[in-house]
Every structure is written in structure tokens, then in C-alpha cells.
Amino acid sequence: MSATARPRNAAIAATIRAFNANKTSWFGLGVFILVVALAILAPWIAPNDPIEQDIFSKLQGPSSTYPLGTDYFGRCILSRLLYGARYSLLIGVVSTLAAMLIGSTIGILAGWHGGRFDVIVMQAMDVMLAFPALILGLIIVAVLGPTLTNIIVAIAFTSIPAFARIARAPTISVKEREYVEACRALGFSDARIMFLHILPNIFAEILVMSSLWLASAIRTEASLAFIGLGLKPPTPTWGGMIREGFENILDSYWLALAPGTAILVVVFALNLLGDGLRDAVDPKLKGEQ
Amino acid sequence: MSAFIVKRLGFAVITLWAVLTLVFFIVRVVPGDPAQVVLGDQATADAIAAMRVRLGLDRPLVLQYAEFLFGALRGDWGISLVTGRPVLVEVMDVLPWTLELTVASLFIGAIIGIPLGVWAAVNRNRIPDYVTRLASLLGLSFPAFVSGILLLILFAIQLRWFPVISAQAEGVGGWLRALALPAFNLGLIMAAYITRVTRSAMLEVLSEDFVRTARAKGVPWRVVVWRHALRNALIPVITIVGLYLGVLIGNSVLTEIVFNRPGLGKLIVGALNQRDYTMLQGMMVIYTLVVIVVNLLTDLAYGAADPRVKLK
């Protein structure tokens, strides 16, 4: 047991060392954790109710009551930003997890079985991948309706092929290794080999992909909301807030700045984190997109 | 080579058929009657029945499917439910706007991204490399509508250098001023992708033997980088840029909305808002065709440029 555990611990230690070497990835992780904490603590730290309207104080500048000012309906921008983070993160995390689960399973199955099954499944994935994700997401949400579940389904659906591809390639190389041969010789079932022995070995690559796709999912959710296919008002979402600011851009353009910056900071932090993770997992790919 | 072309063409046809089938069923499998979706919740049963006839939904599914497939191949993508004009005519009206935006942004992306990528690669793990990598990562983190709004606020509203609405244009100067901001918005994001791809392609090429041989023969470093290495690195760059077409299309939709510019993106969002079901179907066919043709061209370009590809 200890003999097999040691190389894996050594690999993990090397990965952590490589991750540590890149300071910007720590910065990305720190910013992301901070945003998650702010989102979780929103009900306790938000200065005001995010949907309560105060028509007499609409479009006000920053003050002690409204630290980032108010919007067109006199709502507190900071409170809406904090509550909006909850929806952005919830939609991003759940859709990425769902895509990771379904996509990786498809990829591992295709890589493991190979042959015609692999060709058909991966060609189907390529067809999905060929279609612009935002357009596909737009159509799914427009047809199903802009609810929390449907937005998650749409974003997850568009990310599945990417996870299938990322899981398939290492499965093909790992399945030729001796320890998989040994598992077969011991009579383990396909499912047991795939999910207990192959999955742990390719999980690092899937995890890297997840941080990058989480960034993409948050951006897609905001884009859908900006186009008008986000959660219905008055629910605070970052994309929706930018849309409201954009509709009045000539007289109150600053309304779009705070949520725009919030999205940029979170997506940039996740990309920094993903980049660092990728360098750590596979130094050969250093800096590649 | 011909076997390679036939194989890629075959794959393109299969992909087109698969997506057309997906488009056809996506609007029929999802919950709710398309006729009801078009007319809204308040529609009477008679109105819904009439709309079902108009959309051809009263006929057998197999017949509808065959008509849809043959129609799509003939370029007959139906009549817009909102304007009453053929979908193809509506699309052709706005296509030049989207094309000029896409070409201009690819041009901007290439003239910024390729030199930056080369500069980062030849300075690997030094300050220019770190700065370029961070800047390009920031560039591709920007949602296109956020960067578009920032450009609009700064250059159109505050500095008044460019028009707020990009659809108005008089003369070549007006046309260029109207195109500049949207093209820069898309182009800068594209430049971020191209920089990263060029950097990694250059790193790979610079470590190859022929680069060392050229250096050993006394070819100046500048010539080795810009003539020998870049020429080889550009092949994967072209291919990967082709793969980013989906990102480019998504960003162009957002850019067209921000700059209030006519184009395919605005057309599809309008169709979604007005529940123009035939227009939506037609637009999906168009996007599929564009993606397939570009993928095919990139594959063929790659195959023509790199003879090793046909062996795979």
C-alpha cells in the first residue's frame, strides 16, 4: 500500500510545488475565495435589501446608506452586487459540475470502449462543439424559459462536449497501462476499472478544465442576462444589472461599471487559477490556451 | 490528398445533416407547442390551430422533416413570421454587416496578436512574456459586452471620437468611424486568443532542429524568428483561430447589441424576442453552415500546408 501511495504523494507534492511557483494563480484563488465568501455572507453584510425600491433616492451617488449609490429604481447597487454574486456563482458552479459529470462520463466511456462507439459519440460531441455555445444557450433558454434550472441546463449542455474531449484523450493512454491490465486480469468490472482506477488518474486534467469552464459559465450566464434571457427582474444578476445600466447609458452609464467590473474580476481570477493549475498538472502546456 | 478531402467533405455533410436534424427536433421535442410559443399564452384554440397549419405542424412528422431538409438544402428556409419576408432575404440584408465586422476584427486580432505572441515566445519566462501572458489572459476574460460598453463610454460618450450607434455612416470616413469601435472590441478579444496561440506555437517551433541549423549556418536571429519559425508556427495558429469561430460568433452577437449595429446577432436576438420561429430555425441553419464551411476550409488549409496531416 505504502509503495503505491508514495509515487502518488510525490506527484501531488510536485503539482503543489508547481502551483506554488506561480504567484498569480494564488492571487486568482484568493480573489475567487473572497468572492465566494462575500456571496455566502450577502444576507449579513449587504447594507440594504437588494430588491427594495426607494424611488425618492434613485440614481444617487455613493453615500453612507448606499456605498455604491442607487440604480434607476432607487435600489442599493452594492447589495444587488453581493446578492447577484450568489446567482452567478450558483449557476456557474452547478452547470460546470453537471457538465463535468456528464461530459467526463461520456469521454471515459468513449475512450474505454473505443471502436465504432467512440467514433459515433465523439462525432456527436464535435457537432455540438461546432455550434457557437452562446447561440445554443440562447436558443435553449428562449425555448425552455429563463428559469434558474433552465439556465443551468443550457449552460451545462453547451459545456458537455469539452469535458468529453478532455476526459477521452487521457483515458485512451491510461487504459494501456500495466495496472489497468492487472485490474482486468483480476476480473474487475469495466465500471470499477473506469471509475475507481482510471478516473482518479485523469481527474487532475478534468479539474483544470473545470476552473476554466467555470469562468466561461459565469460569462455565459452574464451574457444571457445581458441579452434579456437571464433570471427575471427584480432578481439581482450581474448581467441583468449591466443591461439596466446599458439601457440608460447616455445619462447614467456608471450603473453598468460596478457589475461589469465584478464579472471581469471573477472571470479573470478563475482564468489565472486555471492557468496555474494547468501549468502545475502539465508543465509541457505552460501558457498554452 | 484527395482521400483526405473526400473524408473531410463526408464529415462536413454528416455534421450538416446531424445539426439540421437536431434543429428540427429541438423545436418539436421541447415542452410546449411551437404555435403556442409563437402566439403566446393568451391565444385562442382556433388561432393556435391556424398557426399550426401555417407552420406546417399539422402534417406528418416525417413529411415535415423531409420538407425541412430539402428546403434547407435549396436555400428555402421559410418566411419570417414577423416581417413576412423570406428568411434568406432577411439574412442576406444583414450579412455584409456581420462579415465586415468579423473580417475587420480578425485583421485587428492578427496584427496585434501575432507580433505579441512572437515577442512573448522569444522572451520566454522574462518580463515581456509575463506581461503579455497576463494581458492576454485579461483580454480573454472580458465578456464582449463589458468591453464594448467600456469602449462606448470612453470613446463615444466621454471623448465623442466615435458615434454611439454604429449603424449610421456617411462616406468612407463615416463608415470607418462607425466600424472602428465594434471592430476593436472584437479584435482586441481575438488578439488575446491569437497572442496565446502564437506564443505556444512559436515556443514549439523554436525548439525544433531546423531553427538550430539555421542559427548554426549564421542566419541572423531576427530572420530565423520572423521568416523561418513564424512561417511554420502560423499553420497551427490558423487552425486554432478557426476553432475559435464559435467564440467569435458569440462575441459578435454581444458586440452588435452594444453598438446597435445590424447583423446576424441582432437578427437572432430579435427573432428570439419576437418568437419568430421560422427565422430562428433558418438562423441556426446559417450558423451551422458557416461553422462547417470554416472548419472545412481550416482543415483543408492545414492539410495543404502540412503534408503529414493526410497520413492520419
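These numbers were taken from a predicted model, which means no experiment stands behind them.

Participant: Looking at this structure, how should I read the pattern of salt bridges?
Facilitator: It is possible for side chains of opposite charge to pair when their charged atoms get near one another. Scanning the model with the defined rule gives 16 salt bridges over all chains in all. With a shortest N-O distance of 2.7 Å, D118(A) and R168(A) are connected by a salt bridge. Placement of D118(A) in helix α5 (residues 115-130) and of R168(A) in helix α7 (residues 148-174) is noted, with a sequence separation of 50 residues between them. A salt bridge links D93(B) to R85(B), with the shortest nitrogen-to-oxygen separation between them at 2.9 Å. Assessed through its relative accessible area of 42%, D93(B) is described here as partly exposed. For R85(B), a relative accessible area of 34% puts it in the partly exposed group. By sharing partners, the salt bridges in this structure join D71(A), R75(A), R80(A) and E244(A) into a single network.

Participant: Would you explain a nonpolar patch on the surface in this entry?
Facilitator: Residue and element names in this part refer to chain A. On the surface, a cluster of nonpolar side chains totalling about 620 Å² of accessible area is made up of L34, L38, I40, L41, W44 and I45. Those elements that provide at least two residues to the nonpolar patch are α2 (23-40) and α3 (42-45). When residues in the nonpolar patch are grouped by element, the largest group, 3 residues, is from α2. Its place among the elements puts L41 in the loop between α2 and α3.

Participant: For this particular structure, what's the right way to read the nonpolar core?
Facilitator: Grouped together as the largest cluster of nonpolar side chains are 135 residues, with contacts concentrated most on F226(A), W238(A), F145(B), I149(B), M202(B) and Y287(B). Among the elements that line this core, the one with the most residues is helix α8 (residues 171-206) of chain B, at 15 residues. With sequence-adjacent residues up to four places away left out, M202(B) is seen in contact with V118(B), A121(B), V225(B), A229(B), L230(B) and A233(B). Formed by 24 residues, the second largest nonpolar core is a distinct cluster that contains M125(A), C183(A), M194(A) and I206(A).

Participant: Where do I start with empty space enclosed by the protein in this structure?
Facilitator: Think of a ball as big as a water molecule: rolled over the atoms, this probe shows where empty space is left. Tallied over the entire structure, the rule returns 1 cavity of 30 Å³ or more. The calculated volume of the largest cavity comes to roughly 30 Å³. Lining the largest cavity we find V127(A), A130(A), F131(A), T15(B), V19(B), T288(B), V291(B) and I292(B). Those elements that provide at least two residues to the lining of the largest cavity are α5 of chain A together with α1 (2-29) and α13 (277-305) of chain B. A per-element tally of the lining of the largest cavity places α13(B) first, with 3 residues. Each residue belonging to the lining of the largest cavity can be placed in one class, and the counts come to 6 nonpolar, 2 polar and no charged.

Participant: Is there a simple way to think about the packing of aromatic side chains in this case?
Facilitator: The geometry of two aromatic rings is summed up by the distance between their centres and the angle between their planes. Scanning the entire structure with this criterion turns up 5 aromatic pairs over all chains. Ring centres of F24(B) and F68(B) lie 5.6 Å apart, and the angle between their planes is 35°; on these two criteria the pair is classed as tilted. Of this pair, F24(B) sits in helix α1 while F68(B) is found in helix α4 (residues 61-74), placing the two residues 44 residues apart along the sequence. Here F68(B) falls in the buried class, since its relative accessible area comes to 12%. Taken together through their ring pairs, the aromatic side chains of F226(A), F246(A) and F145(B) make up a single cluster. Taking the ring centre of Y72(A) as reference, the NZ or CZ of K58(A) above it sits at 4.8 Å. Here the guanidinium or amino end of R192(A) rests over the ring plane of F188(A), the centre of that ring lying 3.8 Å away.

Participant: Explain the packing of helix α9 (residues 190-227) of chain A against helix α10 (residues 238-247) of chain A to me, please; I cannot follow it from the model alone.
Facilitator: Geometrically, a packed helix pair is captured by the angle between its two axes and the distance between the axes. All names here are of chain A. Running from N to C, α9 and α10 point in directions that differ by 35°, and their axes come no closer than 7 Å. Where α9 crosses over α10, the handedness of that crossing is right-handed. Contact with α9, carried on its side by A222, A225, F226 and I227, involves G239, G240, I242, R243 and F246 of α10 and no other residues of that element.

Participant: Would you mind showing me how to read the confidence of the model for chain A here?
Facilitator: All names here are of chain A. Across chain A, the average pLDDT comes to 85, with 93% of residues at 70 or higher. Per-residue pLDDT stays below 50 along residues 1-5; that stretch engages in 0 contacts with residues further than four places along the chain or on separate chains. Across residues 285-289, where pLDDT falls below 50, the model places 20 contacts with residues more than four positions away in sequence or in other chains.

Participant: What should I look at first to understand the UniProt feature "transmembrane region" (unreviewed entry) in chain B in this one?
Facilitator: Those places that UniProt annotates as "transmembrane region" (unreviewed entry) correspond, in this numbering, to residues 9-30, 101-122, 134-162, 174-194, 233-259 and 279-302 of chain B. Across residues 174-194 of chain B, the secondary structure splits into 100% helix and 0% strand, with the terminal C-alpha atoms separated by 29 Å.

Participant: Hey, could you run me through the interface of chain A and chain B in this one?
Facilitator: The figure often quoted for interface size is the accessible area lost as the parts come together. Chain A puts 41 residues into the contact, and the matching count from chain B is 45 residues. Of the roughly 4100 Å² buried at the junction of chain A and chain B (both faces included), carbon and sulfur atoms supply 78%. Here chain A and chain B share 2 salt bridges between them. Put simply, D275(A) and R196(B) hold a salt bridge, and the shortest N to O gap is 3.0 Å. Linking chain A with chain B are 3 residue pairs in polar contact (both at pLDDT 80 or more), by the criterion used here. Of all the secondary structure elements, the ones that give two or more residues to the side of chain A that touches chain B are α5, α6 (133-144), α9, α10, α11 (249-252) and α12 (257-281) of chain A. The element that contributes the greatest number of residues to the side of chain A that touches chain B is α12(A), accounting for 11 residues. For the side of chain A that touches chain B, the per-class residue count stands at 27 nonpolar, 7 polar and 7 charged.

Participant: For this particular structure, what's the right way to read the UniProt feature "domain: ABC transmembrane type-1" (unreviewed entry) in chain A?
Facilitator: What UniProt calls "domain: ABC transmembrane type-1" (unreviewed entry) maps, in this numbering, to residues 85-274 of chain A. The span residues 85-274 of chain A is 85% helix and 0% strand, and its two end C-alpha atoms sit 20 Å from each other.

Participant: Where do I start with the environment of V153(A) in this structure?
Facilitator: Residue and element names in this part refer to chain A. Note that V153 resides in helix α7. V153 sits in the partly exposed class, given a relative accessible area of 41%. Separated by 101 residues in the primary sequence, V153 and E52 place their C-alpha atoms 30 Å from one another.

Participant: What exactly am I supposed to notice about the UniProt feature "transmembrane region" (unreviewed entry) in chain A here?
Facilitator: Residue and element names in this part refer to chain A. Sequence positions flagged by UniProt for "transmembrane region" (unreviewed entry) are, in local numbering, residues 26-46, 87-112, 124-145, 194-215 and 253-274. When the span residues 26-46 is considered, its composition is 90% helix and 0% strand, and the gap between its end C-alpha atoms is 27 Å. The annotated region residues 194-215 carries 100% helix and 0% strand content, and the separation between its end C-alpha atoms amounts to 28 Å.

Participant: Help me understand the side chain of R199(B) in this model?
Facilitator: Counting through the fold element by element, R199(B) comes out in helix α8. For R199(B), the side chain forms a polar contact with the side chain of D129(B), separated by 2.7 Å.

Participant: Sorry, what's going on with unusual backbone geometry here?
Facilitator: Keep in mind that most residues, glycine aside, have a negative phi and that most peptide bonds are trans. A cis amide bond, omega 10°, links P233(A) with the succeeding residue P234(A). Inspection of the secondary structure puts P234(A) in the loop between α9 and α10. At N125(B), a position not held by glycine, the phi torsion is positive, near 60°. Along the chain, N125(B) turns up in the loop between α5 (87-122) and α6 (127-141). The class for N125(B) is partly exposed, based on a relative accessible area of 37%.

Conventions we followed
All residue numbers refer to position in the chain's written sequence, counted from 1. Each chain gets a letter, beginning with A, and each ligand a number, beginning with 1, in the order they are written. For this predicted model, a pLDDT threshold of at least 70 governs which residues receive local features, and a threshold of 80 or more governs which side-chain atom pairs are given and counted, while totals over whole chains, interfaces and linings are taken from all residues. Hydrogens and water molecules were not included; the side-chain quantities draw on all heavy atoms of the structure. Salt bridges, as used here, are contacts in which a Lys or Arg side-chain nitrogen is within 4 Å of a carboxyl oxygen on Asp or Glu. In this description a helix means any DSSP run of H or I spanning at least four residues, a strand means any run of E spanning at least two, and both kinds are numbered starting from the N terminus. Relative accessible area decides the class of each residue, using a 1.4 Å probe on protein chains only: under 20% of the type maximum gives buried, over 50% gives exposed, and in between gives partly exposed. Residues form patches when they are more than 30% accessible in relative terms and have no salt bridge. Like charges link within 9 Å. Nonpolar side chains (Val, Leu, Ile, Met, Phe, Trp, Tyr) link within 5 Å. Surface accessibility in these figures is a Shrake-Rupley result with a 1.4 Å probe; residues are shielded only by whichever protein chains are displayed. For our purposes a nonpolar core is just a set of buried Ala, Val, Leu, Ile, Met, Phe, Trp, Tyr and Cys residues, chained together by side-chain atoms within 4.5 Å. Every residue pair with non-hydrogen atoms within 4.5 Å of one another is taken to be in contact. Cavity: a set of points on a 1 Å grid over the protein atoms alone where a 1.4 Å probe fits but cannot get out. Pocket: an open set with protein on both sides within 12 Å along at least five of seven lines, its lining residues, like those of a cavity, having an atom within 4 Å of a point. Grid points are joined across faces, edges and corners, and a volume is the space filled by probe spheres set on the points. The nonpolar class holds Ala, Val, Leu, Ile, Met, Phe, Trp, Tyr, Cys and Pro. Asp, Glu, Lys and Arg form the charged class, and all remaining residues, Gly among them, are polar. Note on aromatic pairs: the rings of Phe, Tyr and Trp (six-membered ring only in Trp) are paired at centre separations within 6.5 Å, and the planes decide the class, stacked below 30 degrees, edge-to-face beyond 60, tilted for the rest. Two conditions define a charge sitting above a ring: the NZ of Lys or the CZ of Arg must be within 6 Å of the ring centre, and it must be within 35 degrees of the ring normal. Axis lines are fitted through C-alpha atoms, for helices just across the contact stretch, and the angle between N-to-C directions can take any value from 0 to 180 degrees. For any pair of crossing helices, the crossing counts as left-handed if the nearer helix is rotated counterclockwise from the farther one by less than a right angle, and right-handed if it is rotated clockwise. Confidence of the predictor in every single residue is expressed as pLDDT, which spans 0 to 100. UniProt positions are given in the numbering used here, feature names are shortened, and annotations may be inferred rather than shown by experiment. Take the accessible area each of two parts loses on contact, using a 1.4 Å probe, and add the two losses: that sum is the buried area. Identification of polar contacts relies on pairs of N or O atoms within 3.5 Å, with a donor-acceptor requirement for protein atoms, meaning one able to donate a hydrogen and the other able to accept it, and with residues adjacent in sequence counted only if both atoms are side-chain atoms.

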